[in-house]
Amino acid sequence: QVQLVESGGGLVQAGGSLRLSCAASGSIVSINVMGWFRQSPGKKREFVAAITRDGSTNYADSVKVRFTISRDNTNNTVNLQMNSLKVEDTAVYYCSWGVGVLRAWRNIYWGQGTQVTVSS
């Protein structure tokens, strides 16, 4: 069984930065895509960014340029560096690992979520 544990959420002012991390434990040999999603109150969960084992990345248009996803295969960790944060980035951020290709993958595992709040 795989467990994903997120960390790094918190409160930041608009224009600031946060770095989220997601660490995996358990057998992950079949996982080849890792990503981040977010959900704001009253809204559906939405895709933020994804990265493959070979480092290819994909981003939602709303976060391109501002967010950077990266991974450490040795430590089974995926990170999300968030810069120039906006109030509308406020959400619970979820880490998800899965299988497939970069723009068509199936979520297998989810983390518990970490709150990111951006104040004006």
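Structure shown above.
Sequence order as written defines the numbering, with residues in each chain counted from 1. Totals for whole chains, interfaces and linings use every residue, but because this is a predicted model, local features are given only for residues with pLDDT of at least 70 and side-chain atom pairs only at 80 or more, for both listing and counting. As a rule here, side-chain values cover all heavy atoms of the structure and leave hydrogens and water aside.

When two cysteine sulfur atoms are found within 2.5 Å, that pair is recorded as a disulfide. Applying the stated criterion across every chain yields a total of one disulfide. Shown here is the disulfide that connects Cys22 with Cys95, its sulfur atoms set 2.0 Å apart. Handedness here is read from the sign of the S-S torsion; for Cys22 and Cys95, about -80°, the answer is left-handed. Pair noted here: Cys22 is in strand β3 (residues 18–25) and Cys95 is in strand β9 (residues 91–101), with a separation of 73 residues, a long-range link. Cys95 carries the same exposure label as Cys22, and that label is buried. Secondary structure elements are taken from DSSP: a helix is a run of H or I of four residues or more, a strand is a run of E of two residues or more, and numbering for both begins at the N terminus. Relative accessibility thresholds used throughout: buried, under 20% of the residue-type maximum; exposed, over 50%; partly exposed, between the two (1.4 Å probe, protein chains only).

Moving on, we get to the packing of aromatic side chains. Between 30 and 60 degrees the pair is tilted, below 30 it is stacked and above 60 it is edge-to-face, where a pair is any two Phe, Tyr or Trp rings, Trp via its six-membered ring, whose centres lie within 6.5 Å. By the definition in use, this model includes four aromatic pairs. Each ring, one from Tyr94 and one from Trp110, has its centre 6.5 Å from the other, and the planes form 85°; the classification is edge-to-face. On the criterion of sequence distance, the pair formed by Tyr94 in strand β9 and Trp110 in strand β10 (residues 104–110) is long-range, its members being 16 residues apart. Owing to a relative accessible area of 15%, Tyr94 belongs among the buried residues under this scheme. Following the ring pairs from residue to residue traces out a cluster consisting of Phe37, Phe47, Tyr94, Trp105 and Trp110. The lysine or arginine in question, Arg45, covers the ring of Tyr94, its NZ or CZ lying 3.8 Å from the ring centre. By the criterion adopted, a ring carries a charge over it if an Arg CZ or a Lys NZ lies within 6 Å of its centre and within 35 degrees of its normal. Taking NZ or CZ as reference, Arg45 lies 4.6 Å from the ring centre of Trp110, over its face.

This part covers the pairing of strand β4 (residues 33–39). Most of β4 is tucked away: six of the seven residues are buried. Bridge count for β4 against strand β5 (residues 46–52) is six bridges, and the pairing is antiparallel. The residue bridging Arg38 from the neighbouring strand is Glu46, located in β5. DSSP bridges decide pairing: two strands pair if at least two such bridges lie between them. Adjacent in sequence and paired antiparallel, β4 and β5 are bridged by six residues, among which Gly42 carries a positive phi angle near 80°. Note that β4 and β9 share seven bridges and pair antiparallel. Counterpart to Gly35 in the pairing with β9 is Ser96.

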